[in-house]
Amino acid sequence: MIVELAALLLNCVVLALWPFKLVWWSIGTDRSYGLLSKSQSELSAAFETLPSPLHHELSGLHPGRIFGFHGLNAVPATAKILLYNIINMVSPWLGKNFEDGGGANAWKFLSAISCHFGWYEFDRMESGSDDPLQLNYNTRRNPAFMRAIRGEIKLLQPGIYLARMTYVTKKSAITLLYFVLEAPSVDGELAMATEDTDPH
């Protein structure tokens, strides 16, 4: 009798804790290719080792996740994972939509209002170049404050891209954040990536 009661109590505790386990899985697990916990210096070092895609490889909407914010290098790894997962859960940014010669950022507000904002053009890059694919926001379609933004994209693995956003002024260039993009042809979602995937 005591054993049955203990087993019943244990099952009740497990069931009671199950929602908390789901919440932790949602916000406490690095599902962005093991990149959420890395500092900007680590992301920069990994970025430099990656090959570069050509603009014709990118077409259509590429869902994305943001991380590697400027100024957060000192934040503990676990806290970064929690923070970035929460940000990506509530962020209206869907990713980047690519067309011939450029594209725009895709947004969705209130689960119903979709739009494109933050336009960019591809900077010319020679075939076989080791330089990242460049996204130039200096276009009339953007407000003045956005025209100093530059994007850089490299290939993390087939169909998956590691990218960064830099704000360029006459005096300096500041890397604001990093993000990953997933090609439309890749099966599954970003959330299904394994935790231990490493860009090295």
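Quick notes on the rules
Residues numbered from 1 in each chain as written. Predicted model: local features only at pLDDT ≥ 70, side-chain atom pairs only at ≥ 80, totals over all residues. Heavy atoms only, no water. Helix = DSSP H or I, 4+ residues; strand = E, 2+ residues; numbered from the N terminus. Contact = heavy atoms within 4.5 Å. Areas by Shrake-Rupley, 256 points an atom, 1.4 Å probe, with all protein chains shown as cover. Pairing = 2+ DSSP bridges. Axes fitted to C-alpha atoms, helices over the stretch in contact; angles between N-to-C directions. Buried < 20%, exposed > 50% of the residue type's maximum accessible area, 1.4 Å probe, protein only. Arc of directions from axis to C-beta. Core = buried A, V, L, I, M, F, W, Y, C linked by side-chain atoms within 4.5 Å. Salt bridge = Lys/Arg side-chain N within 4 Å of Asp/Glu carboxyl O. 1 Å grid on protein atoms, 1.4 Å probe; cavity = no way out; pocket = protein on both sides within 12 Å on 5 of 7 lines; lining within 4 Å. Points joined across faces, edges and corners; volume = space filled by probe spheres on them. Nonpolar A, V, L, I, M, F, W, Y, C, P; charged D, E, K, R; others polar. pLDDT = per-residue confidence, 0-100.

## Quick look at the overall build of the protein chain
Counting its regular elements, the protein chain contains three helices and eight strands. Element order for the protein chain, N to C, with α for helix and β for strand: α-α-β-α-β-β-β-β-β-β-β. In the protein chain, of all internal contacts separated by at least 6 residues, the share reaching a separation of at least 24 is 54%. Total accessible area on the protein chain stands at roughly 11,700 Å², and carbon and sulfur atoms take up 61% of it.

## Here we look at the sheet that holds strand E4 (residues 113–122)
Taken in spatial order, the eight strands line up as E1-E2-E3-E4-E5-E6-E7-E8 and close into a barrel, and their pairing is antiparallel. Neighbour to neighbour, the strand axes of the sheet diverge by 35 degrees on average, direction disregarded. The pairing of strand E5 (residues 133–136) with strand E6 (residues 149–157) spans four bridges and is classified as antiparallel. Note that in E6 the partner of Leu133 across the bridge is Ile153. Lying on the sheet, helix H2 (residues 40–49) is in contact with strand E1 (60–67), E6, strand E7 (160–168) and strand E8 (173–182); it crosses E8 at an angle near 65 degrees.

## A closer look at H2
Think of an α-helix as turning once every 3.6 residues; residues three or four places apart then point the same way. Those residues of H2 lying buried are Gln40, Leu43, Ala46 and Phe47. One side of H2 carries all its buried residues, which in axial view fall inside an arc of 125 degrees. In this structure, the buried residues of H2 make contact with E1, E6, E7 and E8.

## Remarks on the nonpolar core
If you look at the biggest cluster of nonpolar residues, it comprises 19 residues, and the most contacted ones within it are Phe98, Leu135, Ile153, Phe179 and Leu181. When contributions to this core are tallied by element, the ones reaching two or more residues are strand E2 (93–99), E4, E5, E6, E7 and E8. If you look at the next biggest cluster of nonpolar residues, it comprises 14 residues, including Tyr33, Leu36, Leu43 and Ile160.

## Overview of the pattern of salt bridges
Taken as a whole and assessed by the stated rule, the structure comprises two salt bridges. Measuring nitrogen to oxygen at the nearest pair gives 3.3 Å for the salt bridge that ties Glu48 to Arg164. Of the two residues, Glu48 is situated in helix H2 and Arg164 in strand E7; the sequence distance between them amounts to 116 residues.

## A closer look at the environment of Gln157
Note on placement: Gln157 falls in strand E6. For Gln157, a relative accessible area of 29% translates into the label partly exposed.

## Concerning the layout of surface pockets
For the second largest pocket, the calculated volume is near 250 Å³. Every element with two or more residues in the lining of the second largest pocket is listed here: E2, strand E3 (102–109), E4, E6 and E8. By residue class, the composition of the lining of the second largest pocket is 11 nonpolar, four polar and one charged.

## Here we look at the confidence of the model for the protein chain
Taken residue by residue, the protein chain gives an average pLDDT of 81. The fraction at 70 or more is 73%. Scored below 50 in pLDDT, residues 10–15 makes zero contacts in the model with residues more than four places away or belonging to other chains. Taken as a whole, residues 187–197 scores under 50 in pLDDT and shows 22 contacts with residues more than four places along the chain or in a different chain.

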